[in-house]
Amino acid sequence: MKKTLIVSTAALLMAAHNINAQEITGMGHATITISQKGEIRLEERDGSTDSRRQAAGNADEGFYDKGGNSFFDICWFTYLYPSISGDGQEIMLTALACMPDGNANEAVINNVLVGCHVTITADRDCPSRFNQTGNPFSDVYLTMTLAGNNSLEKGDMAYNNLVILPDYEGYGTTRNRPHPYLCEETTGRQVTDAVRAGIALYQNDSQTESIRRSFRDDWRTICTGYSQGGAVAMATQRYIEQHELSDELHLAGSLCGDGPYDPVSTLLYYVEEDQAGRNLSMPVVLPLMLKGLCDYDETLSKYEVSDFLNERFLETGVLDWIGSKNMSTGNITEEWEKLYQQGKDGDETYYRTVLTSNGSARLRDIMKKEVADYFTQLLAAHPDYATAGVPLPEGGTPAADLHLALEHNNLTHNWVPQHPLLLYHSTGDEVVPYENYESAKASLGDEVTLYSSRANGQHVATGTEFFISSSRIEAIRQLATNPHIGIENVSIPLKADDVLIYDLSGRTVNGMPQSGVYIHQGRKMIHRL
């Protein structure tokens, strides 16, 4: 049965100015080291000493410290925190926080760095799982390294940060819930709640006392991310500004890489590419986007993904793969490559009408004709869509309602940033096109600055460039030292009622709560796993 979307205005506004800190669920010390094979790993440290534990087995295959090859000493904790779900209910979410090792040096915390992760489809890739299943070359790892750097002087404002890396809804403790992909108001609010909770726990929780450092007097909050994370970083800045939290969080601005800030322009670019005979290199973004909007956007709540996408394309199993949270985007592409070769029921050509041999697809082959025709006509009428905008329809058809839902999540309209937006973008990005930067620049005013990609490569290659580029570090330093921002030091208080969760008998709940009804901050809340 199709779920009815019911959003409580009171629930959405609830706790807008309360600190939603919750509970630390895991904690540790780690040293990021390089093995003899040149591999980089997060190595757990013995909590009772400063010595590194050498991995069992052959030393060449282990990860260990030999003095000079150790860098980025950090501590970390994972935590639960309350927020509001995409359907307007109270929910418990998870996040990872990283900070300089308590005894690495005497530097203060320079900034709170909000790391918004890229598009994922496997739960193992979310930040709170990093210590068990994380990829040491992922965006999560490369953001964690900014928590501390022993090789640099204490005064470098790009390092020695409290790094907050939230799991988006649908991952971590909520992996059994749909992910509100590109539902920007929802995710911006949830990330903001994670930041406030993470700061409060770090500054006040007894478990962090041994690793706690003071914040510099003029500390800043900087939002950053790439791809989906770039849009989430921008959405988080918007939420902070619109809910008057800039002073509390010392907001400095955001560094966003190749984000889909304008989903209408992104889809119209795909139509242009289709007309030019070019494929979608990452077709999984369409079912991800449509599922998120059908599950959580009020305009599309009456539709199913099958109202927009070709039945044969959906027969590949992509919605089940997305729902399972077991397959990465790369795994999904590999499965499509296999299906292209194997076909179905003895017909090797069965899926070749919707897939290509490398797992890509043509937009016209996977989108329903009436939906593709709508956006084709829209493009013909508005070829300068990125800079001039596109008028909104009345709605009432799947295509027109999709247009409205995409516009609901357009970060480039109905908002004037109060803090700098540094946008890193490649003109060669085929997944999140440069038109997103053009739309942001045309609509958001003087706070938008372009950090051009040096190689102007495709999406994945530009992501690697973004995370390892000196431009990224320079941009963080710029935001961290911007004289335009000057706010008195604020410590976020942590009250017992903010932290504790009770069952209906009034008993304190320890650890991760199971599905059920609980009491938090004097209110009943429903927690679903």
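Each remark here, short or long, concerns the structure printed above.
Residues numbered from 1 in each chain as written. Predicted model: local features only at pLDDT ≥ 70, side-chain atom pairs only at ≥ 80, totals over all residues. Heavy atoms only, no water.

Caption draft 1: Expanded view of the overall build of the protein. A count of helices and strands for the protein gives 19 helices and 13 strands. Across the 529 residues that make up the protein, the buried fraction comes to 60%. If you take every contact in the protein between residues at least 6 apart in sequence, the share linking residues at least 24 apart comes to 75%. Carbon together with sulfur atoms contributes 47% to the accessible area of the protein, which is approximately 20600 Å² in total. (Helix = DSSP H or I, 4+ residues; strand = E, 2+ residues; numbered from the N terminus. Buried < 20%, exposed > 50% of the residue type's maximum accessible area, 1.4 Å probe, protein only. Contact = heavy atoms within 4.5 Å. Areas by Shrake-Rupley, 256 points an atom, 1.4 Å probe, with all protein chains shown as cover.)

Caption draft 2: Helix 16 (residues 435-444), seen in detail. Buried within helix 16 are the following residues: E435, N436, Y437, S439, A440 and L444. Buried residues along helix 16 sit in contact with helix 5 (228-242), helix 7 (263-275), helix 14 (385-388), strand 9 (421-425) and strand 10 (448-452). Positioned one or two residues after helix 16, G445 has a phi angle of 85°, which is positive.

Caption draft 3: Structural context of the packing of aromatic side chains. Following the criterion strictly, the structure yields 15 aromatic pairs and no others. Joined through ring pairs, the aromatic side chains of Y226, Y424, F466 and F467 make up one cluster. Geometry around Y171 places K325 over its ring, the cationic atom sitting 5.0 Å from the centre. (Phe/Tyr/Trp six-rings, centres within 6.5 Å; stacked < 30°, edge-to-face > 60°. Lys NZ or Arg CZ within 6 Å of the ring centre and 35° of its normal.)

Caption draft 4: Region of the structure containing the environment of P180. Here P180 is to be found in the loop between strand 6 (162-166) and helix 4 (184-204). Judged by its relative accessible area of 1%, P180 falls in the buried class. With residues near it in sequence (within four places) discarded, P180 still touches E169, T186, T187, G292 and Y296.

Caption draft 5: Region of interest: helix 11 (residues 329-342). For helix 11, which comprises 14 residues, the first-to-last C-alpha distance of 20 Å matches the rise-based estimate of 20 Å (1.5 Å per residue) to within 8%. Of all the residues in helix 11, the buried ones are I332, W336, L339 and Y340. One face of helix 11 carries all of its buried residues, which in axial projection span an arc of 105°. Turning to helix 11, the residues buried within the fold contact helix 9 (311-315) and helix 10 (318-324). At the exit of helix 11 stands G343, carrying a positive phi of roughly 70°. (Expected span 1.5 Å × (residues − 1). Arc of directions from axis to C-beta.)

Caption draft 6: Region of the structure containing the pattern of salt bridges. Counted under the stated rule, the structure contains 17 salt bridges. Across the pair R189 and D193 runs a salt bridge, and its minimum N-O distance is 2.6 Å. Note that R189 and D193 are positioned in helix 4 at a spacing of 4 residues, about one turn of the helix. For the pair R189 and D193, one class covers both residues: buried. D401 is paired through a salt bridge with K302; the nearest N and O atoms lie 3.6 Å apart. Separated by 99 residues along the polypeptide, D401 in helix 15 (residues 398-408) and K302 in the loop between helix 8 (285-296) and helix 9 bring together distant segments of the chain. Counted as one network, the salt bridges with shared partners bring together D87, E169 and R177. (Salt bridge = Lys/Arg side-chain N within 4 Å of Asp/Glu carboxyl O.)

Caption draft 7: Molecular detail of the pairing of strand 8 (residues 251-257). Most of strand 8 is tucked away: 7 of the 7 residues are buried. Both strand 7 (residues 215-226) and strand 8 contribute to a ladder of 6 bridges, which runs parallel. When the sheet's bridge partners are listed, T224 is paired in strand 8 with L255. Pairing of strand 8 with strand 9, which is carried by 4 bridges, proceeds in the parallel orientation. What sits directly across from S254, in strand 9, is L421. (Pairing = 2+ DSSP bridges.)

Caption draft 8: Structural context of the side chain of T192. Mapped onto the elements of the fold, T192 is located in helix 4. From its side chain, T192 meets the backbone oxygen of G188 in a polar contact 2.8 Å long. Filtering out sequence-adjacent residues up to four positions away, T192 remains in contact with T236, Y239, I240, L245 and L249. (Polar contact = N/O pair within 3.5 Å; in protein donor to acceptor, adjacent residues only side chain to side chain.)

Caption draft 9: Main features of the nonpolar core. Of all hydrophobic cores here, the largest spans 83 residues; its most connected members are Y79, C98, L162, M234 and L423. Contact partners of L423, with chain neighbours within four places excluded, come to M234, C256, Y261, Y437, A440, V448, T449, L450 and Y451. Core analysis: the second largest hydrophobic core is formed by 58 residues, L288, M289, L290 and L402 among them. (Core = buried A, V, L, I, M, F, W, Y, C linked by side-chain atoms within 4.5 Å.)

Caption draft 10: Looking closely at unusual backbone geometry. Despite not being glycine, K325 shows a phi value in the positive range, around 60°. Its place among the elements puts K325 in the loop between helix 10 and helix 11.

Caption draft 11: Representation of the packing of helix 13 (residues 369-381) against helix 15. Remark: helix 13 packs on helix 15, axes separated minimally by 9 Å, with the N-to-C direction vectors making an angle of 60°. With respect to their mutual orientation, helix 13 and helix 15 come out oblique. Side by side, helix 13 and helix 15 meet where E370, V371, Y374, F375 and L378 of the first sit next to A399, A400, L402, H403 and L406 of the second. Here the residues of the contact of helix 13 with helix 15 are counted per class, giving 8 nonpolar, 1 polar and 1 charged. (Axes fitted to C-alpha atoms, helices over the stretch in contact; angles between N-to-C directions. Parallel < 35°, antiparallel > 145°, perpendicular 65-115°, else oblique. Nonpolar A, V, L, I, M, F, W, Y, C, P; charged D, E, K, R; others polar.)

Caption draft 12: How the structure looks around the pairing of strand 4 (residues 90-100). Taking burial as the measure, the 11 residues of strand 4 include 11 buried ones, the bulk of the element. Pairing geometry for strand 4 and strand 6, over 4 bridges, is antiparallel. For A97, the partnering residue across the bridge sits in strand 6 and is I164.

Caption draft 13: The environment of E337, seen in detail. Note on placement: E337 falls in helix 11. Judged by relative accessible area, which is 30%, E337 ranks as partly exposed. Note: C-alpha distance between E337 and S360 (23 residues apart in sequence) is 8.4 Å. When near neighbours in sequence (up to four residues on either side) are disregarded, E337 contacts S357, N358 and G359.

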